[in-house]
Amino acid sequence: MKKKFKLKDFFNSLRVRIAALILVLGVVPCTIFAFSFMAVYEKRSVDSDVTELVAKGQVLNKQIISSGYLNQHESELVDDQIEMLSKSYSGRIMVVDDTLTIVKDTFQADEGKTIIWGNVVKAFQDKTTSLYDDENNYLVVTIPIKAEGDDTVLGVLVLNKDMNYIDTNLEYFQSLSIILLIILYVLMIVVAVVFSYRFVRPLHKFGRAVSDVDRGISQELVEVEDYTETKELSEQMNSLLNRMRVVDESRQEFVSNVSHELKTPLTSMKVLADSLNGQEDVPVELYREFMADIGDEIERETKIINDLLSMVKLDKAEATLNISPVNMNELIELVLKRLKPIAEKQHVELLFESFRPVIAEVDEVKITLAITNLVENGIKYNKEGGWVHVSLNSDHQYCYLKVEDSGMGIPQESIEHIFERFYRVDKSHSREIGGTGLGLAITRGAVSLHRGDIKVHSVEGEGTMFDVRFPLNYISKEARV
Ligand code: ADP
């Protein structure tokens, strides 16, 4: 199905963001450069014109002084030089004497007039000044006229320059910059599109690989090693895939185990019933015997179903927990009292040792189930005249529970399997004594729900010890995060 285009998705896309970044990084500096170049050009031009005019003015200055031009107002040589200079930069030069009278004006417009202007006054205070009017495009430089080695200002030179050329040049630069910037923008857009696509390509590759696995097209693991990040992502994805496979396999195995376990008593019942039906004139005793066997099988089936239901409830977890403060000493005594008849039947002694009164925040039903399973196993897998020893202790944080027996023990190679569902060390013996292979799985599930753990030590032929530990105060999932 084609995905609907969404503006938000578009802007959130990594590709668009990378493209935008490349564009910004490429375009902004070039644009700033183009504009600042023009501003710098204007300033540099004015500065160099001022320097040039001052230098030329200094030369003129010397000749005005040496020719006594300010007093006689006549010197063909100086006049020529002033005219030549003004023509050389197409400007205007005025010479002002100490009475502020314009004694020479190359434009001849203001000769003989008095000039009262701030910069001229400043020049009489021995200051060279310049004024650039960028609106009307002219530059005026005022230079004091004075003899060398003497600070007395005898007159002022006013050099005026038309600066229109700056505007002309700027206009030229502007149109050139616009063309260059447009070319650059187009180039940057191409670069941004190409590179953003290349940068994001491994992510698309990763997405396709995951989707292939998801749709069952590929069983291969995801391997995108273009970037360190995609490599890490692939590893994490593969570990998730492996876990999912393990879960799936164990689910399948569980379903087939459940079917098998549920079928076994049914098969026995069918065999018993068929053999009764297949015989004529069956003696009543045989009927009774077979019916008693069928009753046992029904009981067994019920036990398996009950254990399965307990396990399903534990799997639903957290939400179904009913936590309250429970007196553990009383709880254990009650469990032992309930199991006493079975223990006596097997001639197994039940012992309870408590180091202190322990109150723990637990789900009473689930913890009772866990302890019952452990003690029941201690009795079931024991020998005549054996014992099961339960001890209870605590510190400020944990409740410690030990269930020790003098039974047959567990072979070393089976220890790591005993908590698995339907695992039994000796299938036929366990069946004989009414085991379903679910007891320890239920126990471990219940202890884990209380954030506890369970350990087992066993020596074959000598006995087994289960060590259980869980926090006295229940730690909820939210509190753990
Ligand atoms: P079952 O219902 O068969 O007892 P469990 O899950 O309770 O199932 O135990 C799994 C297997 O671990 C048992 O079949 C038994 O072989 C072994 N086991 C458990 N507890 C003990 C014990 N205290 N002593 C010896 N073996 C034990």
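Computed from a predicted structure; not experimentally measured.

## A look at the site of the ligand
Part 1 of the argument: For the ligand, the set of nearby residues contains 20 residues, the closest of which are Asn 377, Tyr 381, Ser 430, Thr 436 and Leu 440.
Part 2 of the argument: In the model, an oxygen atom of the ligand is placed 2.8 Å from a nitrogen or oxygen of the Asn 377 side chain.
Part 3 of the argument: Between the ligand and Val 425 there is a distance of 3.2 Å, counted from an oxygen atom to a backbone nitrogen or oxygen.
Part 4 of the argument: Protein coverage of the free-state accessible area of the ligand, which is 530 Å², stands at 98%.
Part 5 of the argument: Counting only elements with at least two residues in the shell around the ligand, the list comes to helix H10 (364-380), helix H13 (439-449) and strand E12 (463-471).
Part 6 of the argument: No other element matches the three residues that H10 contributes to the shell around the ligand.
Part 7 of the argument: Split into classes, the residues belonging to the shell around the ligand amount to eight nonpolar, nine polar and three charged.

## With respect to the sheet that holds strand E5 (residues 155-162)
Part 1 of the argument: Across the sheet, which stays open at both edges, the five strands sit in the order E2-E1-E5-E4-E3 with antiparallel pairing between neighbours. At either margin of the open sheet sits one strand with a lone partner, and together these are strand E2 (102-105) and strand E3 (129-133). Neighbour-to-neighbour, the strand axes of the sheet open up by a mean angle of 15°, direction not taken into account.
Part 2 of the argument: Both strand E1 (residues 91-97) and E2 contribute to a ladder of three bridges, which runs antiparallel. Within E2, the residue paired with Val 95 across the bridge is Lys 104.

## Quick word on the packing of aromatic side chains
Part 1 of the argument: Taken as a whole, this structure holds nine aromatic pairs when the rule is applied.
Part 2 of the argument: Here the aromatic rings of Tyr 172 and Phe 173 are separated by 6.0 Å at their centres, their planes lie at 50°, and the arrangement is tilted.
Part 3 of the argument: Members of the aromatic cluster, each reached through a chain of ring pairs, are Phe 33, Phe 37, Tyr 41, Tyr 172 and Phe 173.
Part 4 of the argument: Its end group placed over the ring of Phe 254, Arg 421 keeps NZ or CZ at 4.7 Å from the ring centre.
Part 5 of the argument: The residue whose ring lies beneath Arg 469 is Tyr 398, and the NZ or CZ to ring-centre distance is 4.1 Å.

## Some points on the sheet that holds strand E10 (residues 398-405)
Part 1 of the argument: One open sheet holds the five strands; their spatial order is E7-E9-E10-E12-E11, and the pairing between them is mixed. This sheet does not close on itself; its edge strands, each paired only once, are strand E7 (349-354) and strand E11 (453-459). Each strand of the sheet is rotated relative to its neighbour by a mean of 10°, with strand direction disregarded.
Part 2 of the argument: Pairing of E7 with strand E9 (residues 387-394), which is carried by six bridges, proceeds in the parallel orientation. Note on E9: the bridge partner recorded for Phe 352 is Val 390.

## With respect to helix H7 (residues 228-278)
Part 1 of the argument: The end-to-end C-alpha distance of H7 is 73 Å, a good match for the 75 Å that 51 residues give at a rise of 1.5 Å each.
Part 2 of the argument: At Lys 263, H7 shows its maximal kink, close to 25°; a proline, Pro 265, follows between one and four residues later.
Part 3 of the argument: For H7, the set of buried residues is Thr 230, Ser 234, Met 237, Asn 238, Leu 241, Val 258, Glu 261, Pro 265, Met 269, Leu 272 and Leu 276.
Part 4 of the argument: Buried residues belonging to H7 abut helix H6 (164-214), helix H8 (284-316) and helix H12 (427-432).

## Looking at unusual backbone geometry
Part 1 of the argument: Notably, Leu 100 is not glycine yet its phi reads approximately 65°, a positive angle.
Part 2 of the argument: Here Leu 100 lies in the loop between E1 and E2.
Part 3 of the argument: For Asp 126, which is not glycine, the phi dihedral falls at a positive 70°.
Part 4 of the argument: Looking at where Asp 126 falls in the secondary structure, it is placed in the loop between helix H5 (118-124) and E3.
Part 5 of the argument: With a relative accessible area of 32%, Asp 126 lands in the partly exposed category.

## Quick look at the packing of H8 against H13
Part 1 of the argument: As a packed pair, H8 and H13 sit with axes 10 Å apart at the nearest point and diverge in direction by 25°. The pairing of H8 with H13 is recorded here as roughly parallel in orientation. Where H8 crosses over H13, the two elements pack in a sense that is left-handed. Together, Asp 307, Ser 310, Met 311 and Leu 314 of H8 and Ala 441, Ile 442, Gly 445, Ala 446 and Leu 449 of H13 make up the contact between the two elements.
Part 2 of the argument: Considered class by class, the residues forming the contact of H8 with H13 number six nonpolar, two polar and one charged.

## Digging into the side chain of Arg 300
Part 1 of the argument: Tracing the backbone through its elements, the reader meets Arg 300 in helix H8.
Part 2 of the argument: Beyond its immediate chain neighbours, meaning those up to four positions away, Arg 300 contacts Glu 261, Pro 265, Arg 424, Arg 431, Gly 434 and Gly 435.

## Focus on the environment of Ser 175
Part 1 of the argument: Tracing the backbone shows Ser 175 in helix H6.
Part 2 of the argument: It is 29 Å that separates the C-alpha atoms of Ser 175 and Ser 88, two residues lying 87 residues apart in sequence.
Part 3 of the argument: A polar contact of 2.9 Å, which involves the side chain of Ser 175, links it to the backbone oxygen of Glu 171.
Part 4 of the argument: Polar side-chain contacts of Ser 175 include one of 3.2 Å to the backbone oxygen of Tyr 172.

## Details of helix H2 (residues 14-67)
Part 1 of the argument: For H2, which comprises 54 residues, the first-to-last C-alpha distance of 79 Å matches the rise-based estimate of 80 Å (1.5 Å per residue) to within 8%.
Part 2 of the argument: At the N-terminal boundary of H2, the capping side chain belongs to Ser 13, with an oxygen 3.1 Å from the backbone nitrogen of Arg 15.
Part 3 of the argument: Remark: Gly 68 follows H2 within two positions and exhibits a positive phi of approximately 65°.

## Regarding a nonpolar patch on the surface
Part 1 of the argument: On the surface, Ile 178, Ile 182, Val 186, Val 190, Val 191, Val 194, Phe 195 and Phe 199 cluster together into a nonpolar patch covering about 670 Å² of accessible area.
Part 2 of the argument: With respect to the secondary-structure elements, Val 191 resides in helix H6.

## A word on the nonpolar core
Part 1 of the argument: In this structure, Met 328, Ile 371, Val 375, Val 390, Phe 466 and Phe 470 are the most contacted members of the largest nonpolar core, which totals 35 residues.
Part 2 of the argument: When residues of this core are traced back to their parent elements, those giving at least two are helix H9 (328-345), strand E8 (359-363), H10, E9, E10, H13, E11 and E12.
Part 3 of the argument: Tallying contributions element by element places H9 first for this core, with seven residues.
Part 4 of the argument: What Phe 466 contacts, discounting residues up to four positions off in sequence, is Leu 374, Leu 401, Lys 402, Val 403, Ile 418, Phe 419, Leu 440, Ile 454, Lys 455 and Val 456.
Part 5 of the argument: The next biggest cluster of nonpolar side chains, apart from the first, holds 27 residues, and it includes Leu 60, Leu 139, Ile 143 and Leu 157.

About the cut-offs
- Residues numbered from 1 in each chain as written.
- Predicted model: local features only at pLDDT ≥ 70, side-chain atom pairs only at ≥ 80, totals over all residues.
- Heavy atoms only, no water.
- Near = heavy atom within 4 Å.
- Polar contact = N/O pair within 3.5 Å; in protein donor to acceptor, adjacent residues only side chain to side chain.
- Areas by Shrake-Rupley, 256 points an atom, 1.4 Å probe, with all protein chains shown as cover.
- Helix = DSSP H or I, 4+ residues; strand = E, 2+ residues; numbered from the N terminus.
- Nonpolar A, V, L, I, M, F, W, Y, C, P; charged D, E, K, R; others polar.
- Pairing = 2+ DSSP bridges.
- Axes fitted to C-alpha atoms, helices over the stretch in contact; angles between N-to-C directions.
- Phe/Tyr/Trp six-rings, centres within 6.5 Å; stacked < 30°, edge-to-face > 60°.
- Lys NZ or Arg CZ within 6 Å of the ring centre and 35° of its normal.
- Expected span 1.5 Å × (residues − 1).
- Bend = angle between axes of the 7 residues up to and from the residue.
- Buried < 20%, exposed > 50% of the residue type's maximum accessible area, 1.4 Å probe, protein only.
- Contact = heavy atoms within 4.5 Å.
- Parallel < 35°, antiparallel > 145°, perpendicular 65-115°, else oblique.
- Left-handed = near helix turned anticlockwise from the far one by under 90°.
- Patch = residues over 30% accessible without salt bridge, like charges linked within 9 Å, V, L, I, M, F, W, Y side chains within 5 Å.
- Salt bridge = Lys/Arg side-chain N within 4 Å of Asp/Glu carboxyl O.
- Core = buried A, V, L, I, M, F, W, Y, C linked by side-chain atoms within 4.5 Å.

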